[in-house]
Amino acid sequence: MERFIFYFIAAIILVFSVLTVSSRRILRAAVYLLFVLLATAGFYFLLNYNFLAAVQLTVYSGGIVVLIVFAILLTAHLDHRLPKPNRLKAGFSGLLAVTGLVLTLFAISRFEFVRSPLVTEGPYNIEEIGTRLLSYGDYGYVLPFEVISVLLLAAMVAAIIVAKKSIKND
Amino acid sequence: MFAINLYDFSGTVNSIHQWLNARLTPGWATAAEWAIIGISLILFVAISVIILVYVERKVAAFFQLRIGPNRVGKWGLLQTIADFLKLLMKEHITSKNADKFLFNLAPFIMVTAVFLGLGAIPFAKGLQIFDINIGLFYIAAASSVGVFGILLGGWAGNNKYSLIGALRSGAQVVSYELSIMLSLLTMVVFTGSLQLSQIIASQQDGWWIFKGHLPAWIAFIIFMIAGTAETNRGPFDLAEAESELTAGFHTEYSGIKFAMFFLAEYVSLFIIAAVGATVFFGGWMPFHIDDWAAFNRIMDYIPPIVWFFGKVAMLIGIIMWFKWTFPRLRIDQLLVLEWKYLLPLNLMNLILVSFIVLMGWYF
C-alpha cells in the first residue's frame, strides 16, 4: 500500500512539475506549483515526518504560493498569455534539465546509503526538534537559526524602506 | 454487536475494527475503514451544515427582531433542506472568458482543506480520526490551504467584484493566520504539547481558560477575533461583502459549486469553534475542579460528546453574535487591527505566559 501511495505522489509531482514550467498561463503555473508542494508534503507524511509536512504546508503552500498568487492577481489579466519560448531557449533548457537529471541519477546510483545512528523511526518528537533548534552543543542549530533571523530582519527592514520611499518623495 | 458506550467510543471503534478484520484481509479491512470514515465524515458535514445554516438564520432573525424561516416544516426546520435541494438542482453557469479549469478547481480546494482539518478534531473520548502528534499545527496548516479556493475562485470568474473580494481576502487571511497561530502557541506553552489528545488530558483538573487565568483570557479573545476573520465572517466578511461587492469571490458561482463554498465556510466555522473548545475549554473533558472528587464524579455523568458539542455550540453562538452585532470593517481598519493591535498584544502575551509558566504561577 505504501509503495502504491509513493508512486501516486511521485507521479503527481512529476506531471505537475513539468506543467508548472510549460504552462503559458501564469496563474495556472502557480497552481501547478502548489500541487507539487502539496504532494511533497504528502511525501513527508508518508515518511512519518509530520512536523516537516505541516511546515511545508504552512510555509510553502500557505505562505509563499499565496504571495505569488496574490502578486499575480494584482498584476496579470485573465487573458494574459506568456509568449511562446523560442526553439533555442527551449532546447537549451531541455538539455540542461536532462544533464542535471543524468548527473543526479549517476551520483545517487554510486552513493552508498548508510543508516545514520541518529535517525529514529518517526513520528519525531517535537520537543526534540525545539531543543535542537536552540541548542549550541552537538547537533544544535542555534547558529543557523540566528543567522537566518538576522537575514529575515534585514529583508523586513529593506521592504519597509522600499515601501516608505514613495511617501517621502511626495 | 457494536455496543455504543457514550462515555468512551474506543470500545465501539475497536469492535468495528475487529469485526472487519475477522471477515476481510487486512488491506481490504483498512480500505473498508477508510470508506466508513469518509462516508460518516461527509454525512456529519452535511447534517451539521444544514443545522448551522438554520441556526444562523434564526439567530439573525432574533437579532433583527424578525421571525426567520417559519413556513417549511415546524418552525421552518425543513427550510435549509429545501434550500439545499434547490441548490443541487440548479444550472451550472460559467461566465464568458472564465478560466474553466481554475474556476471549477476552486470550490474543491476549499472543501478539501476543511475536510483535512476536520480529520484531527477529537469529537469525544476515543472518537478521533487520527491523533497526529502535531495535531494543532496540522489543523492550522491544512486550513491554510483553503485560502486558494477564495483567491482562485475570485480570479477565474472574470469579474471585477470577485477579483476585489479575492484580493481583500488574501490580505486578510494571510495576516490573521499570524494571530491564530500565535494565540494557539500561547496556549501550547501551557499545555506543553501539540497533540490534541494530550492537550485534553492536561485539562483533567480544570480547563485552561480557568487554570491559565488572565493570559488565557487574552489569548482566547484574540483567538475568537482572528478566528472570525479567518473564516471570512462578519464583521470581517470583506471578501464577500454583499452590499458592496454583490457577493465577492463567489459572485459567479451557481448551483452545487456555490453550495460547496457555502459548505466550506460553515465547516471552517465549526473547525474554529472546535479548536477553541479543545484548547481553551478542554474539548470533551467534563468540567472538573482540581480535587473536588464528588463534584467531578457528577460532571462525569454527562457524556463527553455532549460536553464537546455543547462547547462548540457556545463558541459558534458567540461568533454568530459578533456577525449580527458589529458593522463591517474597512480593509485598512482590518489590517490596522491585526498589525498594530493584535500582533503586538499577542507577542507580549506570549512572553507573559512563558514567564508565568517558568515561575509556576498557574493552577
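Keep in mind that this is a model prediction, so the values were computed, not measured.

Thresholds, definitions, all that
- Residues numbered from 1 in each chain as written.
- Chains lettered and ligands numbered in written order.
- Predicted model: local features only at pLDDT ≥ 70, side-chain atom pairs only at ≥ 80, totals over all residues.
- Helix = DSSP H or I, 4+ residues; strand = E, 2+ residues; numbered from the N terminus.
- Rg over C-alpha atoms; globule rule 2.2 N^0.38 Å.
- Buried ≥ 20, exposed ≤ 12 C-beta atoms within 10 Å, placed from the backbone.
- Contact = placed C-beta atoms within 7 Å.
- Expected span 1.5 Å × (residues − 1).
- Domains from an automatic or database assignment.
- Nonpolar A, V, L, I, M, F, W, Y, C, P; charged D, E, K, R; others polar.
- Axes fitted to C-alpha atoms, helices over the stretch in contact; angles between N-to-C directions.
- Parallel < 35°, antiparallel > 145°, perpendicular 65-115°, else oblique.
- Left-handed = near helix turned anticlockwise from the far one by under 90°.
- Core = buried A, V, L, I, M, F, W, Y, C linked by C-beta atoms within 7 Å.
- pLDDT = per-residue confidence, 0-100.

The next subject is the overall build of chain B. Of the regular secondary structure elements, chain B holds 15 helices and 0 strands. Whereas a compact globule of 363 residues would reach a radius of gyration of roughly 21 Å, chain B reaches 21 Å, a difference of no more than 12%. In terms of overall dimensions, chain B has a C-alpha envelope of 65 × 55 × 45 Å along the principal axes. Here chain B, with 363 residues, has 43% of them falling under the buried criterion. For chain B, the share of sequence-separated contacts (at least 6 apart) that also reach a separation of at least 24 residues comes to 77%.

What follows is about the overall build of chain A. Of the regular secondary structure elements, chain A holds 6 helices and 0 strands. Listing each helix as α and each strand as β along chain A from the N terminus yields α-α-α-α-α-α. In terms of overall size, chain A is more extended than a compact globule, its C-alpha atoms giving a radius of gyration of 21 Å where 170 residues would be expected to give roughly 15 Å. C-alpha extents for chain A along the principal axes are approximately 55 × 45 × 30 Å. When each of the 170 residues of chain A is scored for burial, the buried share is 15%. For chain A, long-range pairs separated by at least 24 residues make up 54% of all intrachain contacts whose partners lie at least 6 apart in sequence.

Three or four residues apart is the spacing at which side chains of an α-helix point the same way, because the helix has 3.6 residues per turn. For helix H2 (residues 26-46) of chain A, built from 21 residues, the straight-helix expectation of 30 Å at 1.5 Å per residue is met to within 8% by its first-to-last C-alpha distance of 31 Å. What H2 of chain A keeps buried is the set Leu27, Ala30, Val31, Leu33, Leu34, Val36, Leu37, Leu38, Ala39, Ala41, Gly42 and Phe45 of chain A. Those residues of H2 of chain A that are buried lie in contact with helix H1 (2-22) and helix H3 (50-75) of chain A together with helix H4 (100-118) and helix H6 (147-156) of chain B. After H2 of chain A finishes, the residue Asn48 of chain A shows a positive phi value of roughly 70 degrees.

So, about the domain arrangement of chain A. By the assigned domains, chain A splits into domain 1 (1-84) and domain 2 (125-170). Computed from C-alpha atoms alone, the centre-to-centre distance between domain 1 of chain A and domain 2 of chain A is 25 Å.

Moving on, we get to the domain arrangement of chain B. Residues and elements named next belong to chain B. Annotation of chain B at the domain level lists domain 1 (7-85) and domain 2 (90-359). One C-alpha centre belongs to domain 1, the other to domain 2; they are set 19 Å apart. In this complex, domain 1 contributes 17 residues to the contact, which on the side of domain 2 involves 17 residues. Grouping the constituent residues of the side of domain 1 that touches domain 2 by class yields 13 nonpolar, 2 polar and 2 charged.

What follows deals with the environment of Ile47 of chain B. One can find Ile47 of chain B in helix H2 (residues 26-63). A tally of 10 C-beta atoms within 10 Å means that Ile47 of chain B is categorised as exposed.

A few words now on the packing of H1 of chain A against H2 of chain A. All names here are of chain A. Viewed as axis vectors pointing N to C, H1 and H2 meet at an angle of 155 degrees, and their least axial separation amounts to 8 Å. Overall, the two elements H1 and H2 adopt an arrangement that is roughly antiparallel. Crossing angle aside, the handedness with which H1 passes H2 is left-handed. Touching Glu2, Ile5, Phe6, Ile9, Ile12, Ile13, Phe16, Ser17, Leu19 and Thr20 of H1 are Ala29, Tyr32, Leu33, Phe35, Val36, Ala39, Thr40, Gly42, Phe43 and Leu46, all from H2. Of the residues in the contact of H1 with H2, the class split is 15 nonpolar, 4 polar and 1 charged.

Let us look at the packing of helix H10 (residues 213-230) of chain B against helix H15 (residues 331-359) of chain B. All names here are of chain B. Two elements in contact, H10 and H15, have axes whose closest approach is 10 Å; the angle formed by their N-to-C orientations is 150 degrees. Accordingly, the angle class assigned to the pair H10 and H15 is roughly antiparallel. In the crossing of H10 with H15, the sense of the turn from one axis to the other is left-handed. Mapping the contact onto sequence places Pro215, Ile218, Ala219, Ile222, Ile225 and Ala226 in H10 and Leu342, Leu345, Asn346, Asn349, Leu352, Val353 and Ile356 in H15. Taken together, the residues that form the contact of H10 with H15 break down as 11 nonpolar, 2 polar and no charged.

Bringing the nonpolar core into the picture now. Residue and element names in this part refer to chain B. Ranked by size, the top nonpolar core spans 112 residues in total, and within it Tyr138, Leu152, Val267, Ile271 and Ala273 carry the most contacts. Tallying contributions element by element places helix H12 (residues 255-281) first for this core, with 18 residues. For Ala273, the contacting residues outside a window of four places in its chain are Val312, Leu315, Ile316 and Ile319.

With that settled, the discussion passes to unusual backbone geometry. Glycine aside, negative phi is the norm for most residues, and most peptide bonds take the trans geometry. Residue and element names in this part refer to chain B. Not every positive phi belongs to a glycine, and Leu65 is a case in point at roughly 55 degrees. Relative to the assigned elements, Leu65 resides in the loop between H2 and helix H3 (79-89). Taking the C-beta count within 10 Å as the criterion, Leu65 has 6 such neighbours and is therefore assigned exposed.

Right, let's get into the environment of Asp205 of chain B. Residues and elements named next belong to chain B. Mapping Asp205 onto the fold places it in the loop between helix H8 (196-201) and helix H9 (208-211). For Asp205, a count of 14 C-beta atoms within 10 Å corresponds to the partly exposed category. Setting aside residues no more than four positions away along its own chain, Asp205 makes contact with His288 and Asp290.

As a further point, take H4 of chain B. The end-to-end C-alpha distance of H4 of chain B, which contains 19 residues, comes to 28 Å, matching closely the 27 Å that a straight helix rising 1.5 Å per residue would cover. If you check which residues of H4 of chain B are buried, you get Leu102, Phe103, Ala106, Pro107, Ile109, Met110, Ala113, Val114, Gly117 and Leu118 of chain B. If you follow the buried residues of H4 of chain B, they end up packed against H2 of chain A together with H2, helix H5 (135-144), H6 and H12 of chain B.

This part covers the interface of chain A and chain B. For interface size, the figure often reported is the accessible area lost on association. Between chain A and chain B, the residue contacts involve 20 residues of the former and 27 residues of the latter. Of all the secondary-structure elements, those providing two or more residues to the side of chain A that touches chain B are H2 and H3 of chain A. Broken down by element, the residue count for the side of chain A that touches chain B peaks at 11 residues, all from H3 of chain A.

Examined against the element boundaries, Ser10 of chain B turns out to sit in helix H1 (residues 10-23). Separated by 116 residues in the primary sequence, Ser10 of chain B and Gly126 of chain B place their C-alpha atoms 4.3 Å from one another.

A few words now on the confidence of the model for chain A. Per-residue confidence for chain A gives a mean pLDDT of 83, with 91% of residues at or over 70. Ranking the elements of chain A by mean pLDDT puts helix H5 (residues 126-133) of chain A last with 81 and helix H4 (residues 87-110) of chain A first with 90.

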